[in-house]
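For reference, the chains in residue letters:
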Amino acid sequence: MKTKIILRGLIGFPIGIAVGYAISIFTSLCFANGYYSPCVPDLIPIMGNEINAVILQALLSGVLGTAFAASSVIWQVERWSIVRQSGIYFLIVSMVMMPIAYVLYWMEHSISGFLRYFAVFMLIFVIIWIIEYAVGRQIVKKLNAQLNETGHEK
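What this report covers is the structure whose coordinates are included nearby. Predicted model, so just to flag it, every value in this text is computed and none were measured.

Bringing the overall build of the protein chain into the picture now. Counting its regular elements, the protein chain contains 5 helices and 0 strands. Going from the N terminus to the C terminus, the protein chain shows its helices and strands as α-α-α-α-α. A compact globule built from 154 residues should have a C-alpha radius of gyration of about 15 Å, whereas the protein chain, at 19 Å, is more than 25% larger. Expressed as a percentage of the 154 residues in the protein chain, the buried residues total 27%. Within the protein chain, contacts between residues separated by at least 24 positions form 56% of all contacts whose residues are at least 6 apart in sequence. A total of about 10600 Å² of accessible surface is found on the protein chain, and carbon and sulfur atoms cover 72% of it.

All told, the structure shown has 9 aromatic pairs when counted by the stated rule. Aromatic pair Trp-129 and Tyr-133: ring centres 5.1 Å apart, planes at 5 degrees, arrangement stacked. Taken together, the positions of Trp-129 and Tyr-133, both in helix H5 (residues 111–149) and 4 residues apart, correspond to about one turn of that helix. For Tyr-133, a relative accessible area of 38% gives the class partly exposed. Among the aromatic residues, those joined into a cluster by ring pairs are Phe-68, Trp-75, Tyr-89, Phe-90, Phe-114, Phe-118, Phe-121 and Phe-125.

Rules and cut-offs
- Residues numbered from 1 in each chain as written.
- Predicted model: local features only at pLDDT ≥ 70, side-chain atom pairs only at ≥ 80, totals over all residues.
- Heavy atoms only, no water.
- Helix = DSSP H or I, 4+ residues; strand = E, 2+ residues; numbered from the N terminus.
- Rg over C-alpha atoms; globule rule 2.2 N^0.38 Å.
- Buried < 20%, exposed > 50% of the residue type's maximum accessible area, 1.4 Å probe, protein only.
- Contact = heavy atoms within 4.5 Å.
- Areas by Shrake-Rupley, 256 points an atom, 1.4 Å probe, with all protein chains shown as cover.
- Phe/Tyr/Trp six-rings, centres within 6.5 Å; stacked < 30°, edge-to-face > 60°.

Just distances and angles here, no functional claims.
So, in structure tokens, the structure goes:
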């Protein structure tokens, strides 16, 4: 299990950077009026210049990727219920996501900004969870149907 956590974490780091970069392109397309905005403008003066802000964002995006990937081993703990797996996974990724989002100015620095960002994060998590659950159920139904066709009923 420890080896899986480490390997997934190592793979997650560059994936996190790639996802962060893709998000910066998407947000630039939506909000930057034809310009590329590699990070939130409020982060630049705090970091001293744009390159320092982008480096920090890339590193912390990699940390996010590491956290999401490494903690995904939770889904393989078969003795845990889906509720327990979901709760622990959500707790871990939230504890990593929220401070990083705050540091990188992805959220307004206020209680209401934190609560709004957390609500959006939770909504996205729930939507992805529902989709994954539905896909998993379909896979199980197909496998059960194949077993029934071959005469391997329970």
